[in-house]
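# Chain and residue survey
As a plain string of letters, each chain reads:
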Amino acid sequence: MIVGRGPSALAALLLLCCYTTHAAAADLADKLRDDSELSQFYSLLEQNPVANATLSLRSCTIFVPTNEAFQRHKGPTHVLYHITTAAFSKDQLEKTVSSDMEGNPPLYITKSRNGDIYVNNARIIPSLSVELTNREGKRQVMHIIDEVLEPLTALPTAKTEINNLDALQFIQKADQLSVGDNKLRTYRSQLALMKKESLYNAPGAHTFLLPVDEGFKITTRSSLVDGKVIDGHVIPNTVIFTAASQHDEPKTSAAFEDQLKVTVSFFKQKDGKMYVKSNTIVGDAKHPEGVVLSEIVKANIPVKNGVIHLIRRPLMIIDTTVTQFLQDNGENGALRKFLEVIMDSGGAVLDGINNLSEVTILAPSNEAWNTSSIDNIVRDRKRMTDILNMHIIKERLNVEKIRQKNANMIAQVPTVNNRTFLYFNIIGEGADAKITVEGGGVNATILQADVAQTNGYVHIIDHVLGVPHTTVLGKLETDPMMSDTYRMGQFSNFNDQLNNTQRRYTFFVPRDKGWQKTELDYPSAHKKLFMRDFAYHSKYILERHLVIADHVFTMKDLAQMSLTTDNVVLPTFRDSLKMKVTEEAGRYVITWNYKKINVYRPDVECTNGIIHVIDYPLLEEKDIVVSGGSYMPESSICIMLANLIMITVAKFLN
């Protein structure tokens, strides 16, 4: 289907009549005809006399979609929207160029940091552009693009002609436009009530985010859309099409002043869905701080003064509880699988969340659930409930609070399971900082932080906590709290065994601060523990911490076993480990060789075992003898003395 005629169509047709069609055939047309990957656009071009006239007689730039792009495209193709009557190489393309379609609606050019160039939402495919001169001596350029360009068009039932509308005209005439089932009546009413029309008909090139009527099902929500909220839905002087957007890069909204500062950014889930989020960095009494997410329901609608994205709900407005947010985003949204698992587990978890006056949820993304290790657990309701509860914190915990807790150490936060703690760590600084959280042996990264609700926060994470997906070695290698133990095990080759999935390990891992304490207690010995020349001795010390059995020993198991004996005896690589585990003030404490050692993080699950992070190594002064720049474990000295005595006796007998 061919749609659209340029204002110069009549002149072009008259000029075309002066030439025989074949004699005036343009070289660009020859290029198109000869390229089988561009045959669909060439077929449409052949049928459009205005486009043929332009190619024959004028300078032009033509943006040609590939056949593959047409396979994804639905609806009519507007050939003249792909042509501009001036020749632009990639370097010459400015921020906007006028198309040859009726009304000359602009095409928006975005040059990304990695060198890609986009026309609206289509990427110009590198190295395929062609520049030549036609038979009339006119310079012409062809760029191959990966999407069909889609202009704003009216419904067939529209009673008035619609050409090159600005954002305000779009809002006013939305019912007559091809925007699917999306309606803008509520937002349009608030826009008029707040007298903000000038924001939407302002000349220039801006990005407009328009919430559809579906987002106003909560009847009181529309009354919260004041002038500042409307400002927060506009990114001035910047045109952002989704394919060209820098994901999670905050852009200043029109609501950015001394007393109120709101940024807006785009991000894409792995399932392809695009979202936009507002972040009220500095709020006031009517506009609380925090992030609001909204799915883009129809993206990339070009208008005369920028681009429009229709979004599912208004930004900046925080008027739902955590439970309502999960339900709103559960049906077909960013947390669909999380809600499914909650409901499949009986729904008691959701009731528990609903009963909390303050709550923070670490919600795994939809992609986080796509692992085989989770499939086996989902059927176990009790275990799944414990895992879900690991994602719930009984307080408001935003990023700023995490930073405060993390000022001098890795932040430790209890979950609704009082014996289960989460451990937050901040890697990097400023805008590039990454926040990780560990729970039940799983390290997750916060993908979207501070999604604010009336009674707390939701942080979207990339893994399900409590469902291990790495071996003991993998955990040791990636956990910042265990880096010293990992380093010591690497040069002593102790770590080699820890990837073995046929064994079950219980590993008492001293955290880095524990090893640092030994530097104060035994400075000379500590230094040598981390030297390659003494690798044998480092390995001997680590082997004492590693229990190898046909099953793992949780802290609860060890505390229970300690009730009936003075010492629990556990099998290690060389010998056995004797200890007693008690519970004091809600924390586990190990008694070993009359020393009390706190368990900092119990029960860190791995695919081939379990790790207990302890506050101090299983180490005593008599374990190490330092002399002449070397040291040996006491047992090694005994072995050497025994060998020396045997050699002496043998010589005597001879």
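This text gives an overview of the structure that appears in the document. (Residues numbered from 1 in each chain as written. Predicted model: local features only at pLDDT ≥ 70, side-chain atom pairs only at ≥ 80, totals over all residues. Heavy atoms only, no water.)

## Notes on the pattern of salt bridges
Close approach of charged atoms allows side chains with opposite charge to pair. A complete count under the given rule lists 29 salt bridges for this structure. Arg-185 is the salt-bridge partner of Asp-175, the closest N and O atoms lying 3.6 Å from each other. A residue pair is termed long-range when its members are at least 10 positions apart, and Asp-175 in the loop between helix H6 (167-172) and helix H7 (185-193) and Arg-185 in helix H7 qualify at ten residues. Accessibility expressed as a relative area gives 31% for Asp-175, which makes it partly exposed. Here Lys-251 ties to Glu-249 by a salt bridge, and the two come within 2.8 Å at their closest N and O atoms. Under the relative-accessibility criterion, Lys-251 is labelled partly exposed at 26%. Here the salt bridges share partners, and the residues they tie into one network are Glu-438, Lys-475, Asp-479 and Arg-601. (Salt bridge = Lys/Arg side-chain N within 4 Å of Asp/Glu carboxyl O. Helix = DSSP H or I, 4+ residues; strand = E, 2+ residues; numbered from the N terminus. Buried < 20%, exposed > 50% of the residue type's maximum accessible area, 1.4 Å probe, protein only.)

## Focus: the sheet that holds strand S23 (residues 504-510)
One open sheet holds the seven strands; their spatial order is S24-S23-S29-S28-S27-S26-S25, and the pairing between them is mixed. Strands at the two margins of the open sheet, each flanked by one partner only, are strand S24 (546-549) and strand S25 (568-571). This sheet shows a mean twist of 35° between the axes of neighbouring strands, independent of strand direction. Where S25 meets strand S26 (residues 576-584), four bridges bridge the pair, whose relative direction is antiparallel. (Pairing = 2+ DSSP bridges. Axes fitted to C-alpha atoms, helices over the stretch in contact; angles between N-to-C directions.)

## Description of helix H2 (residues 27-34)
Residues of H2 that are buried include every one of Leu-28, Ala-29, Asp-30 and Leu-32, and no others. Taken together, the buried residues of H2 touch helix H3 (39-46), helix H4 (49-57), strand S1 (60-65), strand S7 (130-133) and strand S8 (139-145). (Contact = heavy atoms within 4.5 Å.)

## Let's talk about the pairing of strand S4 (residues 106-111)
Counting buried positions along S4 yields five of six residues, so the element is predominantly enclosed. Bridging between strand S3 (residues 96-98) and S4 involves three bridges; their strand directions are antiparallel. Looking across to S4, one finds that Val-97 is bridged to Leu-107. The hairpin turn running from S4 into strand S5 (residues 117-119), its antiparallel successor, is five residues long, and Gly-115 in that turn takes a positive phi close to 100°.

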